[in-house]
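Residue strings, one per chain:
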Amino acid sequence: QVQLVESGGGLVPAGDSLRLSCAASGRTFSNYAMGWFRQAPGKEREFVAAINWSGADTSYAASMKGRFTISRDNAKNTVYLQMNSLKPEDTDVYYCAADSSIVRMTAHYSVISYWGKGTLVTVSP
């Protein structure tokens, strides 16, 4: 089992930045690809970004590319999501995810093996 705990969410004005963190425990962190998803009430969970086990390969949803950056520190068992130029439409609960490969991470959220409980990001107009 892998346990994931997100932090760093909050309320910010449009145009500001936030950095989300996800601390992992349980199995060997560097064995897993990691990702971020987000979900608004009544909507499907949406892919945001993913990173492979080494950090050498990343993938982003088209609407986030250029504004969001995913990174990881395997020594700290932590994955990050740096979010810049935030917009009100980025308001969501953001979830950390872990799975065996970046391919699975970008397939569909229903196949993902491990999830955190989420952290709320609210961007005011």
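Residues numbered from 1 in each chain as written. Predicted model: local features only at pLDDT ≥ 70, side-chain atom pairs only at ≥ 80, totals over all residues. Heavy atoms only, no water.

K.L.:
Please explain the sheet that holds strand S8 (residues 78–83) as it appears in this structure.
P.N.:
A sheet is described by the order of its strands in space; here four strands give the open sequence S1-S3-S8-S7, paired in antiparallel fashion. In this open sheet, the two strands that pair with only one neighbour each are strand S1 (2–7) and strand S7 (68–73). Recorded for the sheet is a direction-independent mean angle of 20° between the axes of neighbouring strands. Relative to S8, strand S3 (residues 18–26) is paired through six bridges, and the arrangement is antiparallel. Each residue of the ladder has a partner; that of Leu20, found in S8, is Leu81. (Pairing = 2+ DSSP bridges. Helix = DSSP H or I, 4+ residues; strand = E, 2+ residues; numbered from the N terminus. Axes fitted to C-alpha atoms, helices over the stretch in contact; angles between N-to-C directions.)

K.L.:
Looking at this structure, how should I read the nonpolar core?
P.N.:
Side chains of nonpolar character tend, in soluble globular proteins, to be buried together. Ranked by internal contacts, the top residues of the largest apolar core, which has 36 residues, are Leu4, Met34, Trp36, Val79, Leu81, Met83 and Tyr94. Here this core takes five residues from strand S5 (residues 46–51), the largest share from any one element. (Core = buried A, V, L, I, M, F, W, Y, C linked by side-chain atoms within 4.5 Å. Buried < 20%, exposed > 50% of the residue type's maximum accessible area, 1.4 Å probe, protein only.)

K.L.:
Would you take a moment to explain the side chain of Asp99 for this structure?
P.N.:
Among the secondary structure elements, Asp99 is positioned in strand S9 (residues 92–99). Taking relative accessible area as the criterion, Asp99 reaches 2% and is therefore assigned buried. A distance of 2.7 Å separates the side chain of Asp99 from the side chain of Arg104, its partner in a polar contact. When near neighbours in sequence (up to four residues on either side) are disregarded, Asp99 contacts Tyr32, Ala33, Arg104, Met105, Val111, Ile112 and Ser113. (Polar contact = N/O pair within 3.5 Å; in protein donor to acceptor, adjacent residues only side chain to side chain. Contact = heavy atoms within 4.5 Å.)

K.L.:
I tried to follow the packing of aromatic side chains on my own but got confused; where do I start?
P.N.:
Two measures describe an aromatic ring pair: the distance that separates the ring centres and the angle between the ring planes. Under the defined criterion, the tally for this structure stands at four aromatic pairs. Geometrically, the ring pair formed by Tyr95 and Trp115 is edge-to-face, given 6.5 Å between the ring centres and 85° between the ring planes. In this pair, Tyr95 is assigned in strand S9 and Trp115 in strand S10 (residues 114–115), connecting sequence segments 20 residues apart. Among the residues examined, Tyr95 registers a relative accessible area of 13% and is labelled buried. Counting every residue linked through ring pairs, the aromatic cluster contains Phe37, Phe47, Tyr95 and Trp115. A cation sits over an aromatic face here: Arg45 above Trp115, 4.6 Å from the ring centre. (Phe/Tyr/Trp six-rings, centres within 6.5 Å; stacked < 30°, edge-to-face > 60°. Lys NZ or Arg CZ within 6 Å of the ring centre and 35° of its normal.)

K.L.:
I tried to follow the state of the cysteines on my own but got confused; where do I start?
P.N.:
Simply put, the disulfide is a covalent bond whose two ends are the sulfur atoms of two cysteines. Within this structure, the stated rule accounts for one disulfide. Each disulfide pairs two cysteine sulfurs, and for Cys22 the partner residue is Cys96, the sulfurs being separated by 2.1 Å. On the S-S bond that ties Cys22 to Cys96, the torsion sits near -80°, and the link is left-handed. Placement of the pair is Cys22 in strand S3 and Cys96 in strand S9, with a sequence separation of 74 residues. Neither residue differs from the other here; Cys22 and Cys96 are each classed as buried. (Disulfide = S-S within 2.5 Å.)

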